[in-house]
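Commentary on secondary and tertiary structure
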Amino acid sequence: AQSVTQLDSHVSVSEGTPVLLRCNYSSSYSPSLFWYVQHPNKGLQLLLKYTSAATLVKGINGFEAEFKKSETSFHLTKPSAHMSDAAEYFCVVSGADSNYQLIWGAGTKLIIKP
Amino acid sequence: NAGVTQTPKFQVLKTGQSMTLQCAQDMNHNSMYWYRQDPGMGLRLIYYSASEGTTDKGEVPNGYNVSRLNKREFSLRLESAAPSQTSVYFCASSVLEGGNTQYFGPGTRLTVL
């Protein structure tokens, strides 16, 4: 069975400092992995995805994530936080044993301090 | 392209009332999905439709029905609403090729009193 664990429910950083949102996954197959972002009272937007190509994936708004199979991790990073990054971030896995279904993490709320 | 659209954006129901949430996509995607989002729980899949003419249960199907009206439209019906169905509902569509990237509508915020 597949699962996703987002290790922090809340992360607080100062504007201009690095962001790290942590995600571990469990999958019997080589997974596809995604990060989605949801701004307050908005829908969900795809940030980036990994589908077995390059292990370092670049997304929108300066975010990137690195797939580490040995650690079963897919952490999201950004070198310098901006106030507009304040949102909830979801790590998601899709795999061959459940092609139509995505498994969602519980979310990490990113708080940016001025 | 509008992407994925949902109606209504907000709805308040009384316990026992029925309603249908509408979803349409203009990206020519084969697969469509209905999710609910509750605080602290991420998204949970209610039903999905892999292609026109097929529907399947997801993680939390009880109390809901769906109809894949055509390739573009996928509706979610609550026959007898309950307070436990108070939630935000999202529709999504996708193609499986390239890892099943799903694209989401803006959501419907439903309150059942």
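One structure accompanies this document, and this report is about it.

Thresholds, definitions, all that
Residues numbered from 1 in each chain as written. Chains lettered and ligands numbered in written order. Predicted model: local features only at pLDDT ≥ 70, side-chain atom pairs only at ≥ 80, totals over all residues. Heavy atoms only, no water. Helix = DSSP H or I, 4+ residues; strand = E, 2+ residues; numbered from the N terminus. Rg over C-alpha atoms; globule rule 2.2 N^0.38 Å. Buried < 20%, exposed > 50% of the residue type's maximum accessible area, 1.4 Å probe, protein only. Pairing = 2+ DSSP bridges. Phe/Tyr/Trp six-rings, centres within 6.5 Å; stacked < 30°, edge-to-face > 60°. Contact = heavy atoms within 4.5 Å. Buried area = accessible area lost by both parts, 1.4 Å probe. Salt bridge = Lys/Arg side-chain N within 4 Å of Asp/Glu carboxyl O. Polar contact = N/O pair within 3.5 Å; in protein donor to acceptor, adjacent residues only side chain to side chain.

**Overview of the overall build of chain A**
- Counting its regular elements, chain A contains 0 helices and 12 strands.
- Order of helices (α) and strands (β) in chain A, N terminus to C terminus: β-β-β-β-β-β-β-β-β-β-β-β.
- Scaling as 2.2 N^0.38, a compact globule of 114 residues should have a C-alpha radius of gyration of about 13 Å, and chain A matches this with 14 Å.
- Along the first, second and third principal axes, the C-alpha atoms of chain A reach 45 × 30 × 20 Å.
- For chain A, buried positions account for 41% of its 114 residues.

**Focus on the pairing of strand E1 (residues 4-7) of chain B**
Residues and elements named next belong to chain B.
- Side-chain alternation along E1 places Val4 and Gln6 on a buried face and Thr5 and Thr7 on a face that remains uncovered.
- Across 4 bridges, the pairing between E1 and strand E3 (residues 19-25) is antiparallel. Across the sheet, residue valine 4 finds its bridge partner in E3, namely glutamine 25.

**A closer look at the packing of aromatic side chains**
- Scanning the model with the defined rule gives 15 aromatic pairs over all chains in all.
- Here tryptophan 104 of chain A and tyrosine 35 of chain B contribute two aromatic rings whose centre-to-centre distance is 5.9 Å and whose plane-to-plane angle is 75°, an arrangement assigned as edge-to-face. Of the two residues, tryptophan 104 of chain A is situated in strand E11 (residues 103-104) and tyrosine 35 of chain B in strand E4 (residues 31-37); the pairing between them involves two chains.
- We classify tryptophan 104 of chain A as buried; its relative accessible area is 9%.
- Since its relative accessible area comes to 0%, tyrosine 35 of chain B is described here as buried.
- A ring pair is formed by tyrosine 33 of chain B and tyrosine 48 of chain B, whose centres lie 6.4 Å apart and whose planes are at 25°; its orientation type is stacked. Within this pair, whereas tyrosine 33 of chain B is found in strand E4, its partner tyrosine 48 of chain B is found in strand E5 (residues 43-49), the two being separated by 15 residues in sequence.
- Judged by relative accessible area, which is 0%, tyrosine 33 of chain B ranks as buried.
- Three or more aromatic residues joined by ring pairs form one cluster here, namely Phe34, Tyr36, Phe90 and Trp104 of chain A together with Tyr33, Tyr35, Tyr48, Phe90 and Phe104 of chain B.

**Examining the interface of chain A and chain B**
- In this assembly, 20 residues from chain A lie in contact with 23 residues from chain B.
- Together chain A and chain B conceal approximately 1,600 Å² of surface at their shared face, both sides included; 57% is due to carbon and sulfur atoms.
- Per-residue buried area on chain A facing chain B is highest for Leu44, Tyr100 and Trp104 of chain A; these three make up 37% of the total on that side.
- The tally of links from chain A across to chain B stands at 0 salt bridges.
- On the surface where chain A and chain B come into contact, there are 4 residue pairs in polar contact (both at pLDDT 80 or more).
- Where the side of chain A that touches chain B is concerned, the elements lending two or more residues are strand E5 (32-38), strand E6 (44-50) and strand E10 (87-94) of chain A.
- Broken down by element, the residue count for the side of chain A that touches chain B peaks at 4 residues, all from E5 of chain A.

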